[in-house]
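# Coordinates in review
Single-letter residue listing:
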Amino acid sequence: MKVTLSALDTFESSFTPLVVIELAQDVKDETKEWLKNRITMRKKDGGAQLLFRPLLNKYEKETVENQNLYLVGASNIRLLLGAEAVGLVKECNDNTMRAFTYGTRHNFKGFDDNNDDFLTMAERQFIIKHELENLRARDEKMIPGYPQAKLYPGKSLLRRLLTSGIVIQVFPLHDNEALKKLEDSWYTGFSLKYQPIDGIRGYFGETIALYFGFLEYFTFALIPMAVIGLPYYLFVWEDYDKYVIFASFNLIWSTVILEVWKRSCASMTYRWGTLVMKRQFEEPRPGFHGVLGINSITGREEPLYPSYKRQLRIYLVSLPFVCLCLYFSLYIMMIYFDLEAWALDVHENSGSEWTSVLLYVPSIIYAIVIEILNRLYRYAAEFLTSWENHRLESAYQNHLILKVLVFNFLNCFASLFYIAFVLKDMKLLRQSLATLLIMSQILNQVVESLLPYWLQRKHHVQVKKRVQALKADIDATLYEQVILEKEMGTYLGTFDDYLELLLQFGYVSLFSCVYPLAAAFAVLNNFTEVNSDALKMCRVFKRPFAEPSASIGVWQLAFETMSVISVVTNCALIGMSPQVDALFPESKTDLILIVVAVEHALLALKFILAFAIHDKPQHIQLKLARLEFESLEALKQQHCPRMPMSPGSSRCPSISASTVVFRPLCRRNHLDPIVCLAPRMRISQGTESLSKPRWRSPPTSRPPNRIISLRDAFLNFIQKRMSNNCLLKCIIYIILIIYASV
């Protein structure tokens, strides 16, 4: 029997709470009743059809202070139907990954009508969040009880409630039993072991699991650089010409690890189902606003905002502000060099041991100032990007990342480039690089993990004392958990974590021929970073909502760009060394030409390696090609019942005269052209069945389909890595940075 949403009960008195909604203390009763009705109302009437109840009943509220806390959950059938709506992909009994549908639920591995563990808790909370965010205003002109909180058809109710201060926060609850098991296998004991990536994914979702997977992979990938760099640091410190081998290894290393990571990431996300997850047409993000209209693509009613207004805001306000911040960062850098000169003069005049310590003080102060400026600029960038009013969440994130990356790159590395290529002081470059690297690692550990953990432990003691004073008839365990978690800090996503790794990668790769010990410090930091980040996720911050992800996104491009820049800087540093310079005493032009030629050859080698290593393993490509072939077969079967049947035939008749050809769209999915070529099928007129697949010989004027031309390969390579808008902005930012530096 087919189960529909209209048949579900939304008034269960007892259910497993998944999400908590905290309202302001002075919210009116009519607003609470309206919100409850919209959450529990049936989908066809504009509701979310979820389960909803207050944390405390009316008798318990008389015992403790009034807490406007409400619990949200859903029945198992409702969650399964929601999984179909959001397009979750699950493993079938035949070991293939397919989009889950309620009608074929028994075909999926691990499903049982009496088992509620088919969906992970992260997936269930993601479904609840999706349903709450898609609650839209219908005929309401305002939120009941708050005439100033205006509504219009299609407006996100949750977004309006949050911006109006009616809803304080919405967060998912921890599962204490599952969390304890995860902690025991993850970070307790501080032993050297692989992380339970699948367990992290099941509890926190794919986005956070991919971060920890990348952190672990990057840490182990740094070990060869650390092992090779240590003898270079100890024995051939001043022989820069010998660093050519080390710099060449750095080039190959940085390229190979990024390409191999893409293969590892594809294997993980295919196993999790997000690699083949069909994302629906992306809806407007909750913060997007504009005049209500009809979307010309979807035909849905939603806010519309002219793109030219957004572009004017970007180029007339955001871009000048970013340039002003870059100029201010360069001004702070020049003050740092003045302090360095002052400390050096004091040391030369006195010559004591105390003044030798003074030489490191300017670098330490500058490292602290850099961290402060980065965090202040982050808030300004978030405000500007939100004010630009981007329709899609992906566009919002891309513009935010672009702003932050440009400033952080200049703020962290401008002084090193100035020392290397203007002052040409390699001793000062090593000192500054070591100070910035070590200080940034220490500050990040303290600010991101240790300090919040100490504050959270202090708050936990206060909550326990408050709960112990309650009467025994209250569910103190659940009450304590909700009160404790609502006071925790909110995890803002993996942005800062990836940014920290990117800057660390820059310190290691950009100036590897000057300070090869940087990789060793990075390895030591990352071994503690794994445990501190795990502690932060489990005990410091609220549990974040899961978000399906198929890759690390734009950060992959950021790491690849950093590796390209590292080729240029290492070649330039080796060319500027006294040993190499002595080989060309008469003509510096020959030296420059040779350095440029070597740099171009290394870049060519880098791109050849990137092109030669496939982004997906062979078995993943075959599985994806098989899925696409089966989807085309299903599409043909879907059209068969609509056509007239031939007399006396039980099969589908022909579709067209002789021109219909079915084949996978390989280029769209960037599959390997060798493995994604399914046989093209021709359907002839007048036959009762499809003819056997046969290969069509390629035209003589073009190469066979198995061979992809170098031009098409290059265009596909560029198209995959560059977006049409971000490329223009990157070029503008880089030109302005070079102009400001000169």
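Residues numbered from 1 in each chain as written. Predicted model: local features only at pLDDT ≥ 70, side-chain atom pairs only at ≥ 80, totals over all residues. Heavy atoms only, no water.

Viewed as axis vectors pointing N to C, helix 10 (residues 307–350) and helix 13 (residues 393–423) meet at an angle of 30°, and their least axial separation amounts to 10 Å. On the basis of their axis angle, the class for helix 10 and helix 13 is roughly parallel. You can see that helix 10 and helix 13 cross each other, and the crossing is right-handed. Packed against helix 10, whose contacting residues are Ile-314, Ser-318, Val-322, Cys-325, Leu-326, Ser-329, Leu-330, Met-333, Met-334, Tyr-336 and Phe-337, the element helix 13 presents His-399, Lys-403, Val-406, Phe-407, Leu-410, Asn-411, Ala-414, Ser-415, Tyr-418, Ile-419 and Leu-423 at the interface. (Axes fitted to C-alpha atoms, helices over the stretch in contact; angles between N-to-C directions. Helix = DSSP H or I, 4+ residues; strand = E, 2+ residues; numbered from the N terminus. Parallel < 35°, antiparallel > 145°, perpendicular 65-115°, else oblique. Left-handed = near helix turned anticlockwise from the far one by under 90°. Contact = heavy atoms within 4.5 Å.)

Here we take up the packing of aromatic side chains. Evaluation of the coordinates by the stated rule reveals 33 aromatic pairs. Geometrically, the ring pair formed by Phe-218 and Phe-559 is edge-to-face, given 6.3 Å between the ring centres and 65° between the ring planes. Of this pair, Phe-218 sits in helix 8 (residues 206–235) while Phe-559 sits in helix 18 (residues 554–576); the two residues are 341 residues apart in sequence, bridging distant segments of the chain. One exposure class covers both Phe-218 and Phe-559, and it is buried. Aromatic pair Phe-417 and Phe-421: ring centres 6.0 Å apart, planes at 25°, arrangement stacked. Here Phe-417 and its partner Phe-421 are both found in helix 13, 4 residues apart, which amounts to about one turn of the helix. Seen from the ring of Tyr-102, Arg-105 lies directly overhead, with NZ or CZ sitting 4.1 Å from the centre. A cation over a ring is seen here: Arg-313 above Trp-387, with NZ or CZ 4.5 Å from the ring centre. (Phe/Tyr/Trp six-rings, centres within 6.5 Å; stacked < 30°, edge-to-face > 60°. Buried < 20%, exposed > 50% of the residue type's maximum accessible area, 1.4 Å probe, protein only. Lys NZ or Arg CZ within 6 Å of the ring centre and 35° of its normal.)

Attention now goes to the environment of Glu-448. The topology assignment puts Glu-448 in helix 14 (residues 426–468). Spatially, the C-alpha atom of Glu-448 lies 8.6 Å from that of Ser-532, the residues being 84 residues apart in sequence. When neighbours within four sequence positions are excluded, Glu-448 is seen to be in contact with Arg-375, Asp-497, Glu-500, Glu-529, Lys-536 and Phe-541.

Let us now look at the sheet that holds strand 1 (residues 19–23). The antiparallel open sheet is built from 4 strands, whose spatial order is 2-3-1-8. Pairing within the sheet leaves two strands with one partner each, and these edge strands are strand 2 (51–54) and strand 8 (167–172). The average undirected angle you get between the axes of adjacent strands in this sheet is 20°. Sheet analysis places strand 1 next to strand 3 (residues 69–73), joined by 4 bridges and oriented antiparallel. Residue pairing in the sheet places Val-20 in a bridge with Leu-71 of strand 3. Where helix 4 (residues 121–133) meets the sheet, it contacts strand 1, strand 3 and strand 8, and its direction lies at approximately 40° from that of strand 1. (Pairing = 2+ DSSP bridges.)

Before going further, it helps to spend a moment on the environment of Gln-311. For Gln-311, the location among the structural elements is in helix 10. By relative accessible area, Gln-311 is classed as partly exposed at 25%. Each C-alpha atom, one on Gln-311 and one on Glu-388, is 8.2 Å from the other, the two residues being 77 residues apart in sequence.

Right, let's get into unusual backbone geometry. The phi dihedral of Gln-49 is positive, around 55°, even though this residue is not glycine. Tracing the sequence through the fold places Gln-49 in the loop between helix 1 (29–40) and strand 2. By relative accessible area, which is 3% here, Gln-49 ends up buried. Phi at Asn-389 takes a positive value of approximately 60°, unusual for a residue other than glycine. Inspection of the secondary structure puts Asn-389 in the loop between helix 12 (361–387) and helix 13.

Moving on, we get to helix 7 (residues 197–204). The buried count for helix 7 comes to 6 of 8 residues, which makes it a mostly enclosed element. Within helix 7 the residues assigned to the buried category are Ile-197, Ile-200, Arg-201, Gly-202, Tyr-203 and Phe-204.

This brings us to the pattern of salt bridges. It is possible for side chains bearing opposite charge to pair when their charged atoms get close. Evaluation of the coordinates by the stated rule reveals 25 salt bridges. The salt bridge involving Arg-98 is made with Asp-94; its shortest N-O contact spans 3.7 Å. Residue Arg-539 is joined to Glu-183 by a salt bridge in which the shortest nitrogen-to-oxygen separation is 2.7 Å. Taken together, the residues Arg-539 in helix 17 (residues 518–540) and Glu-183 in helix 6 (residues 176–186) connect sequence positions 356 residues apart. Look at Glu-183 and you get buried, because its relative accessible area is 4%. By sharing partners, the salt bridges in this structure join Lys-90, Glu-123, Arg-201 and Glu-206 into a single network. (Salt bridge = Lys/Arg side-chain N within 4 Å of Asp/Glu carboxyl O.)

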